[in-house]
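Residue-level structure breakdown
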Amino acid sequence: MIDWSKLTFHYTETDYIVRSACHNGIWGKPYATRDKYMSIHVAATGLQYGQECFEGLKAFRGIDGKVRIFRMEENAKRMQRSAEGLLMTPIPAELFCEAIQLALEKNIDFLPPYETGATLYFRPVLVATTPEISVGPGKDCEFIVIPTPIGPYFPNGFKGTPFLVNRSIDRAAPQGTGQWKVGGNYAASFRASEMAHALGYECMFTDAKTHRYIDECTASNFIGIKRLATGDYEYLTPRSSAILPSITNDSLMTLASEMGLKVTRRRIRLEELADMCEAAACGTACVISPITKVVDLDRDKVYPLGEPGPVLTQLYHALQDIQYGRVEDKYGWTRIFEL
Ligand code: PLP
Ligand code: COI
């Protein structure tokens, strides 16, 4: 029996995963299996050359008892872009969604109840399976959906997390793979994250070219809130070719403009943190996780941001109200299932 309230962002095995293989450009029908191991050729290009990409999305048990999956089609599109970026065979969006739906249906007992703060997270993975030794892309691949019930991404959740800037390790180059959700980006970030964790922080990356502008965090985009001279607020988020286009950030920008905030996406100098009244990391896993301070050891600077503020709190509730069905979803962001 799972204690939903004790779940963290770690893997809990469920009954089924879902798989589909692509051979010679033809996709097989997604099927559910209890087997969590897969057999692929030892020379698969996914294993050797990192030809792999993944996604992350959630299903929520709503206040009305219905299940909502948030913006699944956007994850399908992003996985297609990631696949194209690595010269893999993109999975058709309908097949992606069919596989997620099957993974939900087959694992419905693992969907956390409403108000536990936990959700059912899906980790779709696309890995190239063509055996090859010469350096080049393989076209055959396996698509897998791994469901797992999860709790908060950062241990402090909405209470806030301190971040450390690391200029000694870059996550992704300006013309590299940062805009795609490929495993290699995360492997490249491990050392920086470990360094930050050892000092009690999460890691914040600056742009790899100049190290002057905020890029993003290991697994989330950055949002800063500024108070303007007029008394209004501005929602600021980095424009960078090296960051993942976050579906959460995109949704929050829509909600923020609706709330009357000025929404700006542009390059953001690290020093601008001093003018921000609130800041947060945002993403599927961490939703909105306020940033309590940013420490820049190289420049001997600390940017205190304090307690989670009213603007981010309002945005957090606006997003979660849609995800949990507490308000009408006028954007059509959720796919609703009666399971
Ligand atoms: N940036 C990175 C590097 C991520 O891994 C994620 C997580 O998916 C995000 C941003 C947030 O993206 P999304 O809101 O689509 O989950
Ligand atoms: C997500 O937010 O869904 C992610 O995939 C981030 C992560 C790599 C844990």
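The structure under discussion appears in the preceding block.
In short, a report on the structure. (Residues numbered from 1 in each chain as written. Chains lettered and ligands numbered in written order. Predicted model: local features only at pLDDT ≥ 70, side-chain atom pairs only at ≥ 80, totals over all residues. Heavy atoms only, no water.)

1. Description of the pattern of salt bridges
Condition: Any carboxyl oxygen of Asp or Glu within 4 Å of a side-chain nitrogen of Lys or Arg constitutes a salt bridge here. Numbered from the N terminus, helices here are DSSP runs of H or I no shorter than four residues, and strands are runs of E no shorter than two. Exposure is judged per residue with a 1.4 Å probe applied to protein chains only, and the accessible area is read against the type maximum: over 50% gives exposed, under 20% gives buried, and values in between give partly exposed.
All told, the structure shown has 19 salt bridges when counted by the stated rule. Where Glu-142 meets Arg-19, a salt bridge forms, and the shortest distance between an N and an O atom there is 3.1 Å. Of this pair, Glu-142 sits in strand S8 (residues 141–150) while Arg-19 is found in strand S1 (residues 17–23), placing the two residues 123 residues apart along the sequence. Assessed through its relative accessible area of 10%, Glu-142 is described here as buried. Assessed through its relative accessible area of 10%, Arg-19 is described here as buried. For Lys-77, the salt bridge goes to Glu-74, with nearest N and O atoms at 3.1 Å. Taken together, the residues span about one helical turn, with Lys-77 and Glu-74 both in helix H2 (residues 72–85) at a distance of three residues. Assessed through its relative accessible area of 26%, Glu-74 is described here as partly exposed. A cluster of three or more residues bridged by salt bridges with shared partners is formed by Arg-167, Asp-296 and Asp-298.

2. A look at the site of ligand 2
Quick note on the threshold: The rule for a residue being near a molecule or strand is that one of its heavy atoms must lie within 4 Å of it. Any pair of N or O atoms that falls within 3.5 Å is considered a polar contact. Within protein, one atom must be able to donate a hydrogen and the other to accept it, and sequence-neighbouring residues count only if both atoms are side-chain atoms. Note on residue classes: Ala, Val, Leu, Ile, Met, Phe, Trp, Tyr, Cys and Pro are nonpolar, Asp, Glu, Lys and Arg are charged, and everything else, Gly too, is polar. Segmentation into domains, and thus their bounds, comes from an automatic or database assignment.
For ligand 2, the full set of nearby residues is Phe-9, Gly-56, Tyr-121, Arg-123, Tyr-153, Lys-181, Tyr-186, Ala-219, Thr-284 and Ala-285. Within the side chain of Tyr-121, an N or O atom sits 2.9 Å from an oxygen atom of ligand 2. Measuring from an oxygen atom of ligand 2, one finds a backbone N or O atom of Ala-285 at 2.8 Å. Broken down by class, the residue content of the shell around ligand 2 amounts to six nonpolar, two polar and two charged. Two domains each donate at least three residues to the shell around ligand 2, and these are domain 1 (4–150) and domain 2 (157–323).

3. Quick word on the environment of Leu-255
The condition is simple: Contacts are residue-level and defined by heavy atoms, with any inter-residue pair within 4.5 Å sufficient.
For Leu-255, the position within the fold is in helix H5 (residues 247–258). Spatially, the C-alpha atom of Leu-255 lies 17 Å from that of Gly-309, the residues being 54 residues apart in sequence. Not counting residues within four places of it along the chain, the set of residues in contact with Leu-255 comprises Leu-315, Ala-318, Leu-319, Ile-322, Tyr-331 and Trp-333.

4. Thoughts on the site of ligand 1
Note the threshold: In these tables, accessible area is a Shrake-Rupley quantity obtained with a 1.4 Å probe, and a residue counts as shielded only by the protein chains included in the view.
Surrounding ligand 1, one finds 16 residues, the nearest of these being Tyr-186, Glu-216, Ser-246, Thr-248 and Thr-284. Between a nitrogen atom of ligand 1 and a main-chain N or O atom of Ser-220, the distance comes to 3.5 Å. Ile-247 is positioned with one of its backbone polar atoms (N or O) 2.8 Å from an oxygen atom of ligand 1. In isolation ligand 1 has 390 Å² of accessible area, and contact with the protein removes 97% of it.

5. Some thoughts on the side chain of Thr-161
Looking at the secondary structure, you find Thr-161 in strand S9 (residues 161–166). Owing to a relative accessible area of 7%, Thr-161 belongs among the buried residues under this scheme. The residues touching Thr-161, leaving out its near neighbours within four places in the chain, are Phe-154, Asn-156, Glu-202, Pro-290, Ile-291, Thr-292 and Lys-293.

6. Examining the packing of H2 against helix H3 (residues 93–106)
As a reminder of what qualifies: Only the stretch in contact is used when fitting a helix axis, every axis being a line fitted to C-alpha atoms; angles between N-to-C directions are given from 0 to 180 degrees. When an angle is under 35 degrees it counts as roughly parallel; over 145 it counts as roughly antiparallel; between 65 and 115 it counts as roughly perpendicular; any other value is oblique. Crossing handedness follows the turn of the near helix against the far one: under a right angle anticlockwise gives a left-handed crossing, and clockwise gives a right-handed one.
Between H2 and H3, the least distance of the axes is 9 Å, while the angle of their chain directions is 125°. One element, H2, and the other, H3, form an angle in the oblique class. The two elements H2 and H3 cross, and the hand of that crossing is right-handed. Touching Met-72, Glu-73, Asn-75, Ala-76, Met-79 and Gln-80 of H2 are Ala-93, Phe-96, Cys-97 and Ile-100, all from H3.

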